[in-house]
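Listed here are the chains, written in short residue letters.
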Amino acid sequence: MDRGTRSKDALLDAAERLIAEHGFEVPLRDIAKAAGQRNNSAVNYHFRSRQDLVDAVVARRLLPMELERERMLGELDADADAHALMRVLVLPLLRLESTHYARFVQVVGPRLRTEPMNSAETAWPRVLDALSHAVPGGDRRTRHRRVAAVATAMFALAAEHERAAQDGTDPGDPEEIVHMLAAMLTATAPRLV
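Quick caveat: nothing in here was measured; it's all calculated off a predicted structure.

**Re the overall build of the chain**
When its secondary structure is counted, the chain shows nine helices and zero strands. Sequence-ordered secondary structure for the chain, helices as α and strands as β, is α-α-α-α-α-α-α-α-α. When the backbone C-alpha atoms are referred to their principal axes, the chain occupies close to 60 × 35 × 35 Å. Restricting to contacts in the chain with at least 6 residues of sequence separation, those with at least 24 account for 74%.

This is how it looks when you write it as structure tokens:
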């Protein structure tokens, strides 16, 4: 690996950690310093903007997750239940070789581009569509809101899992997260009067 690639990787690692810990507006010079860069403008040299840096962190983590999701989807039956589909979303996220990615995504979520990858390259839309069909009753918009709420909860639970693992406490079984999210997805909505 050449020096430029090592520098870029160090910047991505530092950005992921510092943004997760201190928020989106963490100074770029702090990211450069944490990456071992003496030049405060190293981030701007390798990435044109803060948004490009965020997109690069996401792209680096998304590809391995999507490959795992594709493999897992290929092993599912056509009539897979909500638990099996939630495993496809949750387990690759929890298996990442990262201590801060879920927390990073929580922070940058509102600033993420809607399509980080070409939809033909990602399993995410197919899994979300299948999950929307697991929501009992309701119209399309209601099912879509429920799936979006479950995705938000997934990142929050994954972030707590990361924190516990980093703190040296038992993060719990990932299957518990899958079960909670599947239950949230498939719960019968209360009848509102």
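**Overview of the packing of helix 6 (residues 101-108) against helix 8 (residues 140-167)**
Two elements in contact, helix 6 and helix 8, have axes whose closest approach is 7 Å; the angle formed by their N-to-C orientations is 140°. Relative to helix 8, helix 6 is oriented oblique. Considering how the two elements wind past one another, helix 6 and helix 8 form a crossing that is left-handed. Seen from helix 6, the contacting residues are Tyr101, Ala102, Arg103, Val105 and Gln106; seen from helix 8, they are Phe155, Ala156, Ala158, Ala159, Glu162, Arg163 and Gln166. In terms of residue class, the contact of helix 6 with helix 8 is made up of seven nonpolar, two polar and three charged.

**Focus: helix 1 (residues 3-22)**
Taking 1.5 Å per residue as the helical rise, helix 1 with its 20 residues ought to reach 28 Å, and the 28 Å between its terminal C-alpha atoms agrees with that figure. Those residues of helix 1 that are buried lie in contact with helix 2 (28-34), helix 3 (42-46), helix 4 (50-75) and helix 6. Of the residues flanking the end of helix 1, it is Gly23, one or two places downstream, whose phi is positive at about 100°.

**A short note on the packing of aromatic side chains**
Applying the stated rule across the entire model yields two aromatic pairs. For the ring pair Tyr101 and Phe104, a centre distance of 6.0 Å and an interplane angle of 25° mean the geometry is stacked. Note that Tyr101 and Phe104 are positioned in helix 6 at a spacing of three residues, about one turn of the helix. Geometry around Phe24 places Arg50 over its ring, the cationic atom sitting 5.5 Å from the centre. For the cation-ring pair, Arg111 lies above Phe24, with the distance from its terminal atom to the ring centre recorded as 4.0 Å.

Definitions and cut-offs
In this convention, every chain numbers its residues from 1, walking through the sequence in written order. Two thresholds apply to this predicted model, a pLDDT of at least 70 for residue-level local features and 80 or more for giving and counting side-chain atom pairs, whereas whole-chain, interface and lining totals are computed over all residues. Derived side-chain values reflect all non-hydrogen atoms in the structure, with water molecules and hydrogen atoms excluded from consideration. A helix here means a DSSP run of H or I that spans at least four residues, while a strand means a run of E at least two residues long, and both kinds are numbered starting from the N terminus. Here, two residues are considered to be in contact whenever any of their heavy atoms come within 4.5 Å of each other. Interaxial angles span 0 to 180 degrees and are taken between N-to-C directions of axes, which are lines fitted to C-alpha atoms, for helices over the stretch in contact. Angles are sorted into four bins: roughly parallel if under 35 degrees, roughly antiparallel if over 145, roughly perpendicular if 65 to 115, and oblique for all others. Left-handed describes a crossing whose near helix is turned anticlockwise from the far helix through less than a right angle; right-handed describes the clockwise counterpart. Only Asp, Glu, Lys and Arg are considered charged, only Ala, Val, Leu, Ile, Met, Phe, Trp, Tyr, Cys and Pro nonpolar, and every remaining residue, Gly among them, polar. A helix is expected to reach a length of 1.5 Å times the quantity of its residues less one. Stacked, edge-to-face and tilted are the three classes for Phe, Tyr and Trp ring pairs, Trp counted by its six-membered ring, which pair at centre distances within 6.5 Å; planes under 30 degrees apart are stacked, over 60 edge-to-face, the rest tilted. Whether a charge sits over a ring comes down to the Lys NZ or Arg CZ being within 6 Å of the ring centre and within 35 degrees of the ring normal.

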